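Chain by chain, the residues:
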Amino acid sequence: NPVIGVLALQGDVREHFAALAGAGAEARTVRRPEELAAVDGLVIPGGESTTISKLATAFGLLEPLRERVRAGMPAYGSCAGMIMLADKILDPRSGQETVGGIDMIVRRNAFGRQNESFEASLDMADVEGGPVEGVFIRAPWVESTGAGVRILARYDGHPVAVRQGRLLATSFHPELTGDHRVHGAFVQMVRAEG
Ligand code: GLN
């Protein structure tokens, strides 16, 4: 089985562990460059992207993450993780860096106050067996994408799931629903690489 790391600086690491195990991968925490070097793919969890960014810098992980993504490591980011995989953020907080890799601009906390948390059924390309239940928690949306980015799902017209090459990102949290199909699609991406 592929060994998939979960970036364990902040956020819902445990839930991603369970989802990856449910999807047939061996999950490991990643906090140090040596741990990053030992995984076949990486999940960046939901949480708070400014905090994850600052901790990644403090742990000396930001450049190694950028290098591995540039070298083609598959990665999947949910919510804050989506923000971390974006080449550009609208209105980043000061000191907020991203790993990048997906040619897109994301808007943080995009759904606004009235709609900070909600669930929605989404038709998602590359995921079979019916709609995916999307849990959105102060979620970003994708404001714009470059030509190489495929939009896999939209909500209210806004892209909320995208893929570029071996990089996958969702605005929502499939790790919170017990439905492992999105993680399954990612595990398939990691397998296809090997
Ligand atoms: N609003 C958070 C951020 O900007 C993301 C929220 C989440 O991951 N559930 O990082």
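Remember, it's a predicted structure, so these values are computed and weren't measured experimentally.

Caption draft 1: Spotlight on the site of the ligand. Around the ligand sit G46, G47, E48, S49, C79, A80, I83, R108, N109, I137 and R138, and those are all the residues in its vicinity. Residues belonging to the shell around the ligand are distributed by class as follows: four nonpolar, four polar and three charged.

Caption draft 2: Region of the structure containing the sheet that holds strand β9 (residues 141-145). Reading across from one edge, β5-β6-β9 is the order of the three strands in this open sheet, with mixed pairing throughout. Two strands bound the open sheet, and with one partner strand each, they are β5 (86-90) and β9. Within the sheet, the average angular offset between the axes of one strand and its neighbour, ignoring direction, is 35°. In this sheet, β9 lies alongside strand β6 (residues 102-107) in antiparallel orientation, the contact comprising four bridges. Within the sheet, the bridge partner assigned to M104 lies in β9 and is T145.

Caption draft 3: Local environment of the UniProt feature "active site" (unreviewed entry) in the protein chain. The positions that UniProt labels "active site" (unreviewed entry) are, in the present scheme, C79, H173 and E175. On the basis of their most widely separated C-alpha atoms, the annotated residues across 97 residues gather in one place, lying no more than 10.9 Å apart. Structurally, H173 can be placed in the loop between β12 (167-170) and α6 (181-193). H173 sits in the buried class, given 25 other C-beta atoms within 10 Å. Among residues more than four places away in sequence, those in contact with H173 are G46, S78, C79, V135 and I137. Here E175 is to be found in the loop between β12 and α6.

Caption draft 4: Local environment of the confidence of the model for the protein chain. Chain-level statistics for the protein chain give a pLDDT mean of 96 and a share of 99% at 70 or above. Across the assembled chains, the prediction reports ipTM 0.94 with pTM 0.97.

Caption draft 5: Looking closely at the sheet that holds strand β4 (residues 75-78). Strand order in the open sheet formed by seven strands is β2-β1-β3-β4-β12-β11-β10, and the pairing between neighbours is mixed. Sheet topology places β2 (26-30) and β10 (150-155) at the edges, where each strand pairs with a single neighbour. The mean angle between the axes of side-by-side strands here comes to 20°, regardless of whether they run parallel or antiparallel. Relative to strand β11 (residues 158-164), β10 runs antiparallel, the two being bridged by five bridges.

Caption draft 6: Summary view of the UniProt feature "binding site: L-glutamine" (unreviewed entry) in the protein chain. The UniProt record marks G47, E48, S49, R108, I137 and R138 with the feature "binding site: L-glutamine" (unreviewed entry), using the residue numbering of this structure. Considering the C-alpha atoms alone, the annotated residues occupy 92 residues of sequence yet fold into one spot, their largest mutual distance being 12.8 Å. Locating G47 in the fold gives a position in the loop between β3 (41-44) and α3 (49-58). Residue classification places G47 among the buried positions, given that 22 C-beta atoms sit within 10 Å. Not counting chain neighbours up to four residues away, the residues in contact with G47 comprise Q10, G11, D12, I52 and A80. Accessibility expressed as a C-beta count within 10 Å gives 28 for S49, which makes it buried. Beyond its immediate sequence surroundings of up to four residues, S49 is in contact with A80, I83, M84, Q96 and R108.

Caption draft 7: Structural context of the nonpolar core. Ranked by size, the top nonpolar core spans 61 residues in total, and within it L42 and L85 carry the most contacts. The biggest single contributor to this core is α6, with six residues. Beyond its immediate stretch of four places on either side in the chain, L42 contacts I4, G5, L7, V30, M73 and A75.

Scoring rules and cut-offs
Residues numbered from 1 in each chain as written. Predicted model: local features only at pLDDT ≥ 70, side-chain atom pairs only at ≥ 80, totals over all residues. Near = placed C-beta within 6 Å. Nonpolar A, V, L, I, M, F, W, Y, C, P; charged D, E, K, R; others polar. Pairing = 2+ DSSP bridges. Helix = DSSP H or I, 4+ residues; strand = E, 2+ residues; numbered from the N terminus. Axes fitted to C-alpha atoms, helices over the stretch in contact; angles between N-to-C directions. UniProt positions renumbered as here; feature names shortened; annotations may be inferred. Buried ≥ 20, exposed ≤ 12 C-beta atoms within 10 Å, placed from the backbone. Contact = placed C-beta atoms within 7 Å. pLDDT = per-residue confidence, 0-100. Core = buried A, V, L, I, M, F, W, Y, C linked by C-beta atoms within 7 Å.

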